[in-house]
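# Architecture at a glance
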Amino acid sequence: MAETVREVPYYYMTVSNKPGQGAALAAMLKEADVSLLAVHAFPERRRVQVDIVPEDARAFTSFARKAKIKLSPRKKAFLVEGTDRTGALLPVFTKLADAGINITAITAIAAGRKRYGAIFWVNPKDQRRAKRALGA
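This text gives an overview of the structure that appears in the document.

Parameters at a glance
- Residues numbered from 1 in each chain as written.
- Predicted model: local features only at pLDDT ≥ 70, side-chain atom pairs only at ≥ 80, totals over all residues.
- Heavy atoms only, no water.
- Salt bridge = Lys/Arg side-chain N within 4 Å of Asp/Glu carboxyl O.
- Helix = DSSP H or I, 4+ residues; strand = E, 2+ residues; numbered from the N terminus.
- Buried < 20%, exposed > 50% of the residue type's maximum accessible area, 1.4 Å probe, protein only.
- Phe/Tyr/Trp six-rings, centres within 6.5 Å; stacked < 30°, edge-to-face > 60°.

## Examining the pattern of salt bridges
One side chain can pair with another of opposite charge once the charged atoms of both are near each other. In the structure shown here, the tally under the stated rule is five salt bridges. Linking arginine 6 and glutamate 81 is a salt bridge whose minimum nitrogen-to-oxygen distance equals 3.6 Å. One end of the pair, arginine 6, is in strand β1 (residues 4–16); the other, glutamate 81, is in strand β4 (residues 75–83), and 75 residues separate them in sequence. Of the residues examined, arginine 6 reaches a relative accessible area of 36% and is grouped as partly exposed. It is possible to trace a salt-bridge network through shared partners that takes in Lys125, Asp126 and Arg129.

## Examining the packing of aromatic side chains
Going through the model one piece at a time under the given rule, you end up with four aromatic pairs. An angle of 35 degrees between the planes, with centres 6.1 Å apart, marks the rings of phenylalanine 60 and phenylalanine 63 as tilted. Separated by three residues within a single helix, phenylalanine 60 and phenylalanine 63 lie in helix α2 (residues 57–66), roughly one turn from each other. Across the pair, phenylalanine 63 and phenylalanine 60 agree in class, each one buried. A connected cluster of aromatic rings, assembled from ring pairs, spans Tyr11, Phe60 and Phe63.

As structure tokens, this is what we get:
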């Protein structure tokens, strides 16, 4: 399978940096039948920033509104999926480098069965150029 790169919407929220916060959010999402493509969380001062890439942005924002979860405005990231192998992300990195675009953050993981996925962010001012460079 060839790599697929697509621009995806994401939202972030901040939650308390306490045990059980992620489990509580996951339970609420499950109850609302909201599916996610990616989650990336990291400490931000005394809280945790949770970046969420929903499968269906409308369903997710509706869920958040009903659950009274304060979300950031809609933002954009890139999601990559493909066959896992040594250097799998090199073509993506090379296209961005050739276009003079820096990746500001990335998370990638082997997904088993020779598959991998990655989510990455570029500076918002570079978003359109990155999309063009990647054919996303």
